[in-house]
Amino acid sequence: MIDAGEIREEELTSLSSIFPEIIVQGCESASIDLPVSPSSPLLIRFVPPPTLSEPVANGDGAAAYIERDLHLSHLPALKLKIDLPDGYPSEKPPTAHLATDHDWLPATKLRELEKQIVDLWDDYGRCQIIFAYIDFLQVDAERGFDLDQSPSGCLTLPNTLEQPLINFDKAAKLAIFNAGTYDCGVCLERKSGESCYQLERCGHVFCRQCLHDFFNDAIKEGNVTAVKCLEPSCGKDLPGPRARRTQRPLHPRELLAMGMEEPTVRRYVEMKRKKRLESDKNTIYCPREHCQHPARNAKFPPIPADLNDYPESDSDSESPDAQAPNPSKPSSDSDERLAVCENPKCKLAFCRVCFKSWHGSFERCRPRDPNELSAEDKASYEFIAENTTSCPECTSPVEKTEGCNHMTCVQCGGHFCYLCGGWVDPGNPYRHFNSPGTQCDQRLFDAFPDAGPGNADGQDIEAAARAEGDWMFDDEEDGENEMPEGEEARLQRHRNEPREPLQEIQVLGPGPQENQALDNAPRAAAPGREALLADVLPQADRPRGRGRGNPFVPGRANGAAAAVRAHEDARRR
Amino acid sequence: MAANKRIMKELGDINSQPPAGCTINLPNESDINNWEVTMQGPPESVYADGHFKIHVSLPKDYPFKPPGISFKTKIYHPNVSNDDRGAMCLGMLRPDEWKPPNKIKDVLALVRTVLAAPQPDDAVETGIAEQFKNDKAAFENNARDWVERYAKGA
């Protein structure tokens, strides 16, 4: 009879010739790593650790529960150690110990597999069973341990294992790739996998040298659009006109991975960005002549220090940016006007409408170059410049339809003088018009009211004054500078008000009828007002029409604010 | 040099397996960047009886840049310039379409395809293209006439 020890030794010896990588210790135990590469990639779901996934229940918790499903082709090896007891093979079964790196295979599965060695030993009639068992494990590994047959249809693992397993899968794939040989379509030579590179997206293989030469050339020449797969048929197998577009430019990460130098790759990324910035009509440039860098733009984020972090969604196919703000249309959101030069040495904050250095959100401005405006826009700006006074508090342009020169801003309720645009004390607004020596002294009503039908009808001065006074009164009551309906009660109340301003106007300024007449008469025929204006505004060239009612067009905001608002309103409509 | 090695390889391949209707010569044995190809007109085309001399010049950075094709034999064709250059520039021959794995035999195959089926929408000779589209008979007459006149010698 043969000694059991000899049988064990014989079995282990033959195993060693079948599996050279098996490690045998005496004749008591053997261990071997069995690679796990299922024939169809194994679906694994990575979920956050249980403690983190608890708040799923609450309302918006759905987003907190992030899981990722991945198909992996290669998984860390199954480590098998078999102990052969003294009675093996005839009396005692061997014992198997299974483990995996990162413990990716669930313990229940491992125990189940370990138990199989005993069953097999029984089934085979208690003989040498190790080869059969290893074969069984290999077949099972090939089937992915039937983990996809589980109720969830996949293997669920904590997401802490995600990166290690992905890395393992990548390394295994790379090792297999490197072991192969490939025909490079450029130099037409057969090269080892190590000196070749497989493009991520399409899987085409070229030798690194040819890729380097070609891409270096292309980047040097500035032909960045050529930096994509070299295979002529690549991306053209798809039908339709978009076929060519499916060939996307290479990610800088790939260029680095194939061994190109960082400065070259950075130049590639910079040129790409520059091209896209320049082709975007919404890009604006720093107004400093020595700088001229583009302004920071959320659509084209700066290039990250590590090119591997370059955004993935970078493609040549420009999406029509319908929602992008149009710089020629000033927007109500003042922050949209703020632009900051992206040059780190400049960083000028400027306005994308007027191209002056940043003036704050409350300043109204107009485009620097009038040629950029459409005729309609230009007319709007000009009308506003001629016919409005800007509120000193909010810069809203205010147009007076009628009434006295004490204005209440419709936007912010600020009090100001329509003549000089200056701030007026709301507590005692008339002092502004009663301060001898100032330009607005005694000129509360000193303006040409609109040549509206009411005035043209030739009402008596009292009626006109009433109307004006009433308007003034309304202005004070409601903060609205609109012409109210002539309500008798109000008129009555108004008549009871102190009349000094009206008196002054009758003495010092021409009444509405006179103004009406003046409009039609030669200027020289209006001595009172003209002389008065001439005192204040010596220029011969004063604005005509209603603009004459506002000879003190302030230099600063200059009514442009209304232009801005006119645009906004037009946009809203 | 990588480019030379590749050209030598292509030359070897093309000599052992010449593309249909083509014979390749190096006018100057020491200059592998200039090839002379004699192409037979594709059968059943108006050029069927002609033999066309085509000069293929391989740029220094070939295969990163496309080869240049010029017909030394005059040909009445919308895609071949009717001048002393006899240039053809379409499809893969355009610099922005060229891909390094394309080979000279692919280029010659393309040239032959274009001879068999002119591409009037991509023409260099717009007048010939118009005629090709609107008056096929006249075009074919002219083309045959030119074959008689220029492509029958040698």
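Residues numbered from 1 in each chain as written. Chains lettered and ligands numbered in written order. Predicted model: local features only at pLDDT ≥ 70, side-chain atom pairs only at ≥ 80, totals over all residues. Heavy atoms only, no water.

Peer 1: For this particular structure, what's the right way to read the packing of aromatic side chains?
Peer 2: What characterises a pair of aromatic rings is the spacing of the ring centres plus the angle enclosed by the ring planes. Here the structure, examined in full by the defined rule, presents 14 aromatic pairs over all chains. Look at Tyr133 of chain A and Phe136 of chain A: their rings are 6.1 Å apart centre to centre, the planes differ by 25°, and that puts the pair in the stacked class. In this pair, Tyr133 of chain A and Phe136 of chain A are both assigned in helix H4 (residues 130-142), three residues apart and thus about one turn of the helix distant. Ring centres of Phe214 of chain A and Phe215 of chain A lie 5.8 Å apart, and the angle between their planes is 65°; this geometry places the pair in the edge-to-face category. Each residue in the set Tyr76, Phe132, Phe139, Trp146 and Tyr150 of chain B is aromatic and connected to the rest through ring pairs, giving one cluster. (Phe/Tyr/Trp six-rings, centres within 6.5 Å; stacked < 30°, edge-to-face > 60°. Helix = DSSP H or I, 4+ residues; strand = E, 2+ residues; numbered from the N terminus.)

Peer 1: Is there a simple way to explain the confidence of the model for chain B in this structure?
Peer 2: In the predicted model, chain B carries a mean pLDDT of 87, and the fraction of residues at 70 or more is 97%. The ipTM for the predicted assembly is 0.83, set against a pTM of 0.60. (pLDDT = per-residue confidence, 0-100.)

Peer 1: In this structure, what is going on with helix H3 (residues 107-123) of chain A? I would like to understand it.
Peer 2: Side chains of residues three or four places apart in an α-helix project in the same direction, reflecting 3.6 residues per turn. Residues and elements named next belong to chain A. Spanning 17 residues, H3 covers 24 Å between terminal C-alpha atoms, matching the ideal 24 Å at 1.5 Å per step. Along H3, the positions that sit buried rather than exposed are Lys109, Leu110, Leu113, Glu114, Ile117, Leu120 and Trp121. Elements in contact with the buried residues of H3: strand E5 (75-83), strand E6 (95-100) and H4. Once H3 ends, the next one or two residues include Gly125, with phi positive near 80°. (Expected span 1.5 Å × (residues − 1). Buried < 20%, exposed > 50% of the residue type's maximum accessible area, 1.4 Å probe, protein only. Contact = heavy atoms within 4.5 Å.)

Peer 1: Please explain the state of the cysteines as it appears in this structure.
Peer 2: Covalent bonding between the sulfur atoms of two cysteines defines a disulfide. Residues and elements named next belong to chain A. Across all of its chains, the model carries zero disulfides over all chains by this definition. We note that Cys440 lacks a disulfide partner, and the nearest cysteine sulfur, in Cys417, lies 3.7 Å from it. By relative accessible area, which is 1% here, Cys440 ends up buried. (Disulfide = S-S within 2.5 Å.)

Peer 1: Help me understand the pattern of salt bridges, please; the structure alone is not making it clear to me.
Peer 2: Proximity of charged atoms lets side chains of opposite charge pair with each other. Residues and elements named next belong to chain A. Following the criterion strictly, the structure yields 28 salt bridges over all chains and no others. When the shortest N-O distance is used, the salt bridge between Lys81 and Asp83 registers 3.2 Å. Judged by its relative accessible area of 33%, Lys81 falls in the partly exposed class. Ionic pairing is found between Asp183 and Arg190, a salt bridge with its closest N-O pair at 3.3 Å. We classify Arg190 as exposed; its relative accessible area is 55%. (Salt bridge = Lys/Arg side-chain N within 4 Å of Asp/Glu carboxyl O.)

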